[in-house]
Amino acid sequence: MKLSVGAVAEPGSTRANKTGTWRTFRPVFNADLCVGCGICSQFCPEGIIHEKNDKYATDYDYCKGCGICAAECPKGAIKMVLEVK
Amino acid sequence: MKEIRIHGRGGQGSVTAAELLAVAAFEDGKYSQAFPSFGVERRGAPVTAFVRIGDQSIQLRSQISKPDYVIVQDPTLISVVDVASGIKPDGMVLVNTEKDAKSLNLSTRVKVRTVDATKIALDILGRPIVNTTLLGAFAGATGLIRMTSIEKAIRERFAGELGDKNVKAAKKAFDITGGKE
Amino acid sequence: MKVIEGSYAVAEAVRVCKPHVISAYPITPQTHIVETLSQMVADGAIKAEYVRVESEFSAISVCIGASAAGTRTYTATTSQGLALMHEALFNAAGMRLPIVMTAVNRSLSAPLSIWNDQQDTISQRDTGWIQLHAENAQEASDTIIQAYKIAEYRSILLPVMVCMDGYILTHVYEPVELWEQKKVDAFLPEFDPVHVLDPKKPKTFGAFADPSLYTEFRYMVQEAMEVAKKKIVDIANEFRDEFGRYYGGLIDEYRAKDAETLILAMGSVIGTIKDAIDEMRADGIPVGLLKIRAYRPFPVDTIRDAVAGAKAIIVLDKNISMGYEGALFTDVKSALYGKSGVTALGFILGLGGRDITKQTIKDMVAKALEAMKSGKVQECEFVDLRKEVL
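What this report covers is the structure whose coordinates are included nearby. (Residues numbered from 1 in each chain as written. Chains lettered and ligands numbered in written order. Predicted model: local features only at pLDDT ≥ 70, side-chain atom pairs only at ≥ 80, totals over all residues.)

### Thoughts on the overall build of chain A
Okay, step 1: Helix and strand counts for chain A stand at three helices and four strands.
Okay, step 2: Helices and strands in chain A line up, N terminus first, as α-β-α-β-β-α-β.
Okay, step 3: For 85 residues, the compact-globule formula gives about 12 Å, and the C-alpha radius of gyration of chain A, at 16 Å, lies well above that figure.
Okay, step 4: Summarising its shape, the C-alpha atoms of chain A cover approximately 50 × 30 × 20 Å along the three principal directions.
Okay, step 5: Per-residue burial for chain A yields a buried fraction of 21% across its 85 residues.
Okay, step 6: In chain A, of all internal contacts separated by at least 6 residues, the share reaching a separation of at least 24 is 66%. (Helix = DSSP H or I, 4+ residues; strand = E, 2+ residues; numbered from the N terminus. Rg over C-alpha atoms; globule rule 2.2 N^0.38 Å. Buried ≥ 20, exposed ≤ 12 C-beta atoms within 10 Å, placed from the backbone. Contact = placed C-beta atoms within 7 Å.)

Structural data, given as structure tokens:
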């Protein structure tokens, strides 16, 4: 790697840094309980919870397991489960 | 002088572990120094903390590259960081994991000890904060620090029930790792 | 003695100095100092007013106003925060206000770095502030107590920066001896200002000076710095008599008397250098250390005397004056101009938190020994430069 003049960085560094390994608890989404309101997606500080066919799911490559989605879900459709390491 | 390197993740209390180890060592009548190597502080990001324990006043301030002991708070770090890097031949790596030492495949010939500190911490503290538990395990596995000093350091930092629980977790790990007072 | 964090030790030292007004803006890695102080004020442990502000420029401005009103004041900052204070730092010195500041040493952007070097305080060298550097948590906090005594001395009346390396000293836990209030009170009398800003008896501080007088005001600051040169030494000695601890006056020496090669440096790297010197001495290399404690006023005569017997000097700079070399190296060479034929090597190292090991120190000494033999001297060399990324 050579350094750029002026410390100019190209986009994509966040994508390269897979922060999923930082997780202690994993959010598990229960599609049967999910009503597709999207609150989890709005509150996710990483912006990695996305809608697919009216249901929501996270991207485990980047989810740090903060648990905000589970705390905010009005239907209790997200459970935080201890990761096995 | 003994040098200890602690690998953890932001929010796991690695820096507090280093601090408490230094306080406990001083309680034991030794000189001590603890300092963190911060990255960009974020919960979950890899962090390193260092402890020096000696019979004389410590003035060396470089980071520790040839540790006598390494404490790994989170086994997922093993795939990200060379935790055993530079460890002395008679050194020891203490890993928080439910697995046994062999299955960790650490790239080192030194002794590796494991303890399921996460389970102990969850059972007793109700949270996966393993730093105080690992201090008990470190005292038990190395005999370098007296458990009574670890207990005193914990109680100085955490008052009341929180202190009681942390001491209980540390003592349990101390016993499991074969610690003798 | 108690194992505590460097930042906490500094806050404790500030507490026993009984400042009336504290104003600061939090910035890494200074934060632990000011959050501890604000807690102390909230708890009533210090009877001071803690003024929360929206920037470092306001923090120093609050201190300037409060100091002019005759109160003992304290602030702390680092890096960009210190740079933001720049303009007002001249006012504090020119108005002869004995403000004490902990200047935590951190690198400056860009690129963004929160880690330690000494570019920030070096860049405030010419503001008229006294600058004292500390090598450990105990010295960083003991020097606060000394700093008020220096600053408030009637024929000095200049603000003082106590410089301590960010993280390395602010975030270290190590044994520190705390202070008995009674002893500090005896050592440091109440601030007795010459002029007091009081609406009932109006005065102008830092008033207008036309070309017939500006030079003389500047000369008075320079004279005060000369007084400080003597007083810093006296107060360090008084402190030793009272508290039993001594870190040198303007400079300190370590195994320097018979040293052929002398290392000159400031701040937290001093301890690592001492350990490296012990190991080199054991290998028969006659090497010693001059610790620069006072960077301003600059101890010209003391350095000349201390270097007199040496064949080579190595100057360590955690800063660089771009387009020239390390600032300390320039200052040391100018101090020796015409007085010494010593071989002088300057090294730039420890920038933006780059670790400095005993081996780093030994490598520089090896280069000095080589330079003495060959007569070839490379000035301003970057240590441990990673050529592969350039």
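### A few points about unusual backbone geometry
Okay, step 1: In the segment running from Thr-28 of chain C into Pro-29 of chain C, the intervening peptide bond is cis, with an omega of 0°.
Okay, step 2: In this structure, Asn-105 of chain B takes a positive phi of about 55° despite not being glycine.
Okay, step 3: Inspection of the secondary structure puts Asn-105 of chain B in the loop between strand S5 (92–96) and strand S6 (111–115).
Okay, step 4: The exposure class of Asn-105 of chain B is exposed, given the 10 C-beta atoms found within 10 Å.
Okay, step 5: Of note, the phi angle at Ser-79 of chain C is positive, near 45°, even though the residue is not glycine.
Okay, step 6: Mapping Ser-79 of chain C onto the fold places it in helix H4 (residues 79–94).
Okay, step 7: Ser-79 of chain C gets classed as buried once you count the C-beta atoms within 10 Å, which come to 29.

### Here's the deal with the interface of chain C and chain B
Okay, step 1: Taken together, the contact between chain C and chain B spans 18 residues of the former and 16 residues of the latter.
Okay, step 2: Secondary-structure elements contributing two or more residues to the side of chain C that touches chain B are strand S8 (173–176) and helix H9 (269–282) of chain C.
Okay, step 3: No other element matches H9 of chain C, which puts four residues into the side of chain C that touches chain B.
Okay, step 4: In the side of chain C that touches chain B, the residues fall into seven nonpolar, six polar and five charged. (Nonpolar A, V, L, I, M, F, W, Y, C, P; charged D, E, K, R; others polar.)

### Here we look at the environment of Ser-123 of chain C
Okay, step 1: Residue position: Ser-123 of chain C is located in the loop between helix H5 (119–122) and strand S6 (130–133).
Okay, step 2: A residue is classified by how many C-beta atoms lie within 10 Å of it, and Ser-123 of chain C, with 17 of them, is partly exposed.

### Notes on the sheet that holds strand S11 (residues 287–292) of chain C
Residues and elements named next belong to chain C.
Okay, step 1: In space, the six strands of this open sheet follow the order S9-S11-S10-S13-S14-S15, with mixed pairing throughout. The open sheet has two edge strands with one neighbour each: strand S9 (251–254) and strand S15 (381–382).
Okay, step 2: Pairing analysis gives five bridges linking strand S10 (residues 261–265) to S11, with the strands arranged parallel. Pairing of Leu-264 across the sheet is with Leu-290, part of S11.
Okay, step 3: Along the sheet, H9 makes contact with S9, S10, S11 and strand S13 (312–317), crossing S11 at roughly 165°.
Okay, step 4: Of the strands in this sheet, S9, S10, S11 and S13 are in contact with helix H10 (residues 300–307), which crosses S9 at around 15°. (Pairing = 2+ DSSP bridges. Axes fitted to C-alpha atoms, helices over the stretch in contact; angles between N-to-C directions.)

### Looking at the packing of H10 of chain C against helix H11 (residues 327–336) of chain C
Residues and elements named next belong to chain C.
Okay, step 1: Direction vectors running N to C along H10 and H11 enclose 75°, while the axes themselves pass 9 Å from each other. Viewed along their axes, H10 and H11 adopt a mutual orientation that is roughly perpendicular. Listed contacts from H11 to Val-300, Ile-303, Arg-304 and Val-307 of H10 are Val-332, Ala-335 and Leu-336.
Okay, step 2: Of the residues belonging to the contact of H10 with H11, the class tally is six nonpolar, no polar and one charged. (Parallel < 35°, antiparallel > 145°, perpendicular 65-115°, else oblique.)

### Let's talk about the packing of helix H6 (residues 137–152) of chain C against helix H8 (residues 214–243) of chain C
All names here are of chain C.
Okay, step 1: In the contact formed by H6 and H8, the axes pass within 10 Å of each other and the chain directions differ by 130°. Comparing their axes, H8 and H6 come out oblique. The interaxial crossing formed by H6 with H8 has right-handed handedness. Contacts between H6 and H8 involve Asp-142, Gln-146, Lys-149 and Ile-150 from the first element and Ala-228, Lys-231, Ile-232, Ile-235, Ala-236, Phe-239 and Phe-243 from the second. (Left-handed = near helix turned anticlockwise from the far one by under 90°.)

### Overview of the interface of chain A and chain C
Okay, step 1: Chain A puts four residues into the contact, and the matching count from chain C is four residues.
Okay, step 2: Residue composition of the side of chain A that touches chain C, by class: three nonpolar, no polar and one charged.

### Describing H4 of chain C
Residue and element names in this part refer to chain C.
Okay, step 1: A rise of 1.5 Å per residue sets the reference length of H4, with its 16 residues, at 22 Å; its end C-alpha atoms lie 22 Å apart and thus fit the reference within 8%.
Okay, step 2: Looking at H4, one finds that the buried residues are Ser-79, Gly-81, Leu-82, Met-85, Leu-89, Ala-92 and Ala-93.
Okay, step 3: Structurally, H4 contributes buried residues whose contacts are with helix H3 (56–68), strand S4 (73–78), strand S5 (100–105), H5 and H8. (Expected span 1.5 Å × (residues − 1).)

### A closer look at the sheet that holds S6 of chain C
Residues and elements named next belong to chain C.
Okay, step 1: With mixed pairing, seven strands are arranged side by side in an open sheet as S3-S2-S4-S5-S7-S6-S12. The sheet is open, and its two edges are formed by strand S3 (49–52) and strand S12 (294–296), each paired on a single side. The sheet shows a mean angle of 20° between the axes of neighbouring strands, direction not considered.
Okay, step 2: Note: S4 against S5, five bridges, orientation parallel. The partner of Ala-76 across the bridge, within S5, is Thr-102.
Okay, step 3: Contacts from H4 reach S4 and S5, with the element oriented near 120° to S4.

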